[in-house]
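Residues per chain, in single letters:
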Amino acid sequence: MNDLIMHINYGEIKGNHYGKNTIESISKMAAKLGYDGIEFRGAPPVELEHMDYNEYIEEIGRCKKLTGLKNIIVAQSLAKAIEAEGDEVSKEIDKVVEKAKKANEVCGTVFFNTSAKLIRSKIPGAPLDEYQYHGSYAANEEDWKKTVDVYQKLGAKLTPLGLKFAFETHMNYIHDIPVSAKKLVDLIDSPSIGINMDFGNTVYFPDFPDLEETIDLYADKLFYTRQPRILCKVFTKPPR
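Residues numbered from 1 in each chain as written. Predicted model: local features only at pLDDT ≥ 70, side-chain atom pairs only at ≥ 80, totals over all residues. Heavy atoms only, no water.

1. Focus: the packing of aromatic side chains
For any pair of aromatic rings, the description rests on two quantities: the centre-to-centre distance and the angle between the ring planes.
Moving on, step 1. Taken as a whole and assessed by the stated rule, the structure comprises eight aromatic pairs.
Moving on, step 2. Their ring planes at 85 degrees and their centres at 5.9 Å tell us that Y131 and Y204 sit as a pair that is edge-to-face. One end of the pair, Y131, is in the loop between β4 (111-115) and α5 (141-158); the other, Y204, is in the loop between α7 (199-202) and α8 (211-218), and 73 residues separate them in sequence.
Moving on, step 3. Here Y131 falls in the buried class, since its relative accessible area comes to 17%.
Moving on, step 4. One aromatic cluster is present, formed by Y131, Y137, Y204 and F205 through successive ring pairs.
Moving on, step 5. Positioned over the ring face of Y53 is K99, at 5.2 Å from the centre of the ring.
Moving on, step 6. Looking at K164, its charged tip hangs above the ring of F223, at a distance of 5.2 Å from the centre. (Phe/Tyr/Trp six-rings, centres within 6.5 Å; stacked < 30°, edge-to-face > 60°. Helix = DSSP H or I, 4+ residues; strand = E, 2+ residues; numbered from the N terminus. Buried < 20%, exposed > 50% of the residue type's maximum accessible area, 1.4 Å probe, protein only. Lys NZ or Arg CZ within 6 Å of the ring centre and 35° of its normal.)

As structure tokens, this is what we get:
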């Protein structure tokens, strides 16, 4: 049976704010409710900003052992690598790989939620909450080329490690709608780069495909999926 993962949003009072909650209390809550694990953000919440990344992952690992959770997912953005130039590109990719290795070593993490960079429309006055103006709709040839190049380099480093990164289908990114997310992973063409289907985001777009059609489109590039707001399942095999 596929693992049931609690998205960290369920334990936050708002984006990346835990309020009175802690990593430990959220982990205990997830275990009590019957979840197999949690998908954490890639950086400590505001209340734990005194922690560096390694301390943050160590705390997640401690709470995983304490509560018996077995599947921890961590988010990792490649925005800085995509925006970098020259030698800085490889340096930013290496930083992400080291973070992924740390999460794997401490928490056993294999799947990572990932995002490229935000892309806003250059049309003056384009409404920020009308997502069909932004993301893949506004991406130019250079945006596609740079994103593919960065993730191909990342994939080459991840595959020997057995680690997998999945693009969350999310508004305002080049991987916002199903056809764009699939185009992106096909161009990257790495066994380590796939898709995290968040259909709760897809429904914000006009003329979106139905759920079954979307799953068929993603095929074996679907690494895991979120149900709207709080749930995701990690697939050990394509869901077909």
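2. Points about the pairing of strand β3 (residues 71-77)
Moving on, step 1. When you tally the buried positions in β3, you get six out of seven residues, the bulk of the element.
Moving on, step 2. Pairing of strand β2 (residues 37-40) with β3 involves four bridges; the strand directions are parallel. For G37, the partnering residue across the bridge sits in β3 and is N71.
Moving on, step 3. Sheet topology note: the β3/β4 ladder contains four bridges and is parallel. (Pairing = 2+ DSSP bridges.)

In short, the description is geometric, and any link to function would need to be established separately.
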